[in-house]
Amino acid sequence: MHQFLLATRNSHKTREFAEILGEAFDIRDLADAPELPVIEETGLTFEANAILKAVETSKHSQGLVVADDSGLEVDALNGAPGIYSARYAGEDATDAENVAKLLAALNSAPGPRSARFCCVLALVREGTVLGTFHGLVEGTITSAPRGNSGFGYDPVFQPEGFDQTFAELDPAEKNRISHRARAIQALRRALLDRAKEKPD
C-alpha cells in the first residue's frame, strides 16, 4: 500500500485523487489534521504554489506529502483567472460567483473563448522536493453553465474533442482526460517506480 498526505482540505480533490490512483494508494488529507496551519498561496505560478504548500505541510508531517495547485487560463483574459482561480471573485467566493465573474468578463472581452485547465503536483518528503508533475487540457468556455457534476469551473469548460462540459461528462470519463488526471497519472508512475527502487 502506497501512502501519502494530500495537502488539501478540498474533499472533491481528495476523491478525485483516490478514484484515479486506485485501491493501491492510501490517501489522507488535511481534514484529518485540523491543527495544521492554512498555508497562504504566495507563489506566482502553479508550480511555485504546489511546492510551497507541500514543503510547508511536510514540516508538520512525516512521510510523503503531495500538494497541487491548479486553475483555469483563458486566452481572451490574458491567462486569467490563472493562479487566482479559486478566489477570482474574492477570498471567500463560491464556485458560482467565480463562474459568474468569468462569464461577465468574457462577455465584455473580444477574442476567442479558448482556455486550458492546468495542474501541477509537488511531491515532498521532510522539506525536500522529490519531483513535480504537470497536467494540461485544452478547451473552450461555454456561454452558460451546463451540467451538475464536478466543481469549480467544470460547468463552463468544454474540453477539446467533446460536446459536453466537464460537469456533463461521466466522472470516470473526466478522470480519464482531465488536467488533474494527467498530473496524477504522472505522479502514480513516479511513486510506483520509487517503491521498486526503495520501498518506504
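See the structure printed just above.
This write-up is about the structure you can find in this document. (Residues numbered from 1 in each chain as written. Predicted model: local features only at pLDDT ≥ 70, side-chain atom pairs only at ≥ 80, totals over all residues. Heavy atoms only, no water.)

What follows concerns the pattern of salt bridges. One side chain can pair with another of opposite charge once the charged atoms of both are near each other. One pass over the full model with this rule turns up 15 salt bridges. With its nearest N and O atoms 2.9 Å apart, the salt bridge here joins Asp68 to Lys13. Of this pair, Asp68 sits in strand β3 (residues 64–74) while Lys13 sits in helix α1 (residues 11–21); the two residues are 55 residues apart in sequence, bridging distant segments of the chain. Its relative accessible area of 3% is what places Asp68 among the buried residues. A relative accessible area of 13% places Lys13 in the buried class. A salt bridge links Glu41 to Arg87; the nearest nitrogen and oxygen atoms lie 3.5 Å apart. Note that Glu41 is positioned in the loop between β2 (25–29) and α2 (46–58) and Arg87 in the loop between β3 and α3 (95–107), a separation of 46 residues in sequence. If you follow the salt bridges from partner to partner, you end up with Lys13, Glu16, Asp68, Asp154, Lys174 and Arg180 in one network. (Salt bridge = Lys/Arg side-chain N within 4 Å of Asp/Glu carboxyl O. Helix = DSSP H or I, 4+ residues; strand = E, 2+ residues; numbered from the N terminus. Buried < 20%, exposed > 50% of the residue type's maximum accessible area, 1.4 Å probe, protein only.)

Turning to the packing of aromatic side chains, a few remarks are in order. Tallied over the entire structure, the rule returns 3 aromatic pairs. Taking the centre distance of 5.2 Å and the plane angle of 55° together, the rings of Phe157 and Phe166 count as tilted. Taken individually, Phe157 and Phe166 each receive the classification buried, so the pair is uniform in this respect. Within the aromatic cluster, the residues linked to one another by ring pairs are Phe117, Phe157 and Phe166. Sitting above the plane of the Tyr88 ring, Lys101 keeps its charged end 4.5 Å from the centroid. (Phe/Tyr/Trp six-rings, centres within 6.5 Å; stacked < 30°, edge-to-face > 60°. Lys NZ or Arg CZ within 6 Å of the ring centre and 35° of its normal.)

Mapped onto the secondary structure, Ser149 falls in the loop between β5 (128–141) and β6 (157–159). Judged by its relative accessible area of 31%, Ser149 falls in the partly exposed class. Residues Ser149 and Pro171 lie 22 residues apart in sequence; the distance between their C-alpha atoms is 7.4 Å.

Here β2 shows a clear split, with Phe25, Ile27 and Asp29 buried on one side and none of Asp26 and Arg28 buried on the other. By the bridge criterion, 5 bridges tie strand β1 (residues 2–6) to β2 in an arrangement that is parallel. Its bridge partner being in β2, Phe4 is matched across the sheet by Ile27. Note on the crossover from β1 through α1 to β2: the handedness is right-handed. (Pairing = 2+ DSSP bridges. Right-handed = clockwise from strand over helix to strand, strands pointing away.)

Let's shift gears to the nonpolar core. Leu72, Val74, Leu77, Leu102, Ile141, Tyr153 and Phe157 are the most contacted members of the largest nonpolar core, which has 21 residues in total. Among the secondary structure elements, those contributing two or more residues to this core are β3, α3, β4 (114–125) and β5. Per-element tally for this core: the top contributor is α3, with 5 residues. Among residues more than four places away in sequence, those in contact with Phe157 are Leu72, Ala115, Arg116, Phe117, Val137, Glu138, Gly139, Thr140, Ile141, Thr165 and Phe166. Within the second largest apolar cluster, 19 residues are counted, among which are Phe25, Val66, Ala183 and Ala186. (Core = buried A, V, L, I, M, F, W, Y, C linked by side-chain atoms within 4.5 Å. Contact = heavy atoms within 4.5 Å.)

Sheet topology note: the β1/β3 ladder contains 2 bridges and is parallel. Bridged to Leu6 within β3 is Val66.

Spatially, β2-β1-β3-β4-β5-β6 is the arrangement adopted by the 6 strands of the open sheet, whose pairing is mixed. Whereas interior strands pair on both sides, the edge strands pair on one side only; in this sheet they are β2 and β6. Each adjacent strand pair in this sheet contributes to an overall mean axis angle of 35°, direction not counted. Taken together, the 3 bridges between β5 and β6 define a ladder with antiparallel strand orientation. (Axes fitted to C-alpha atoms, helices over the stretch in contact; angles between N-to-C directions.)

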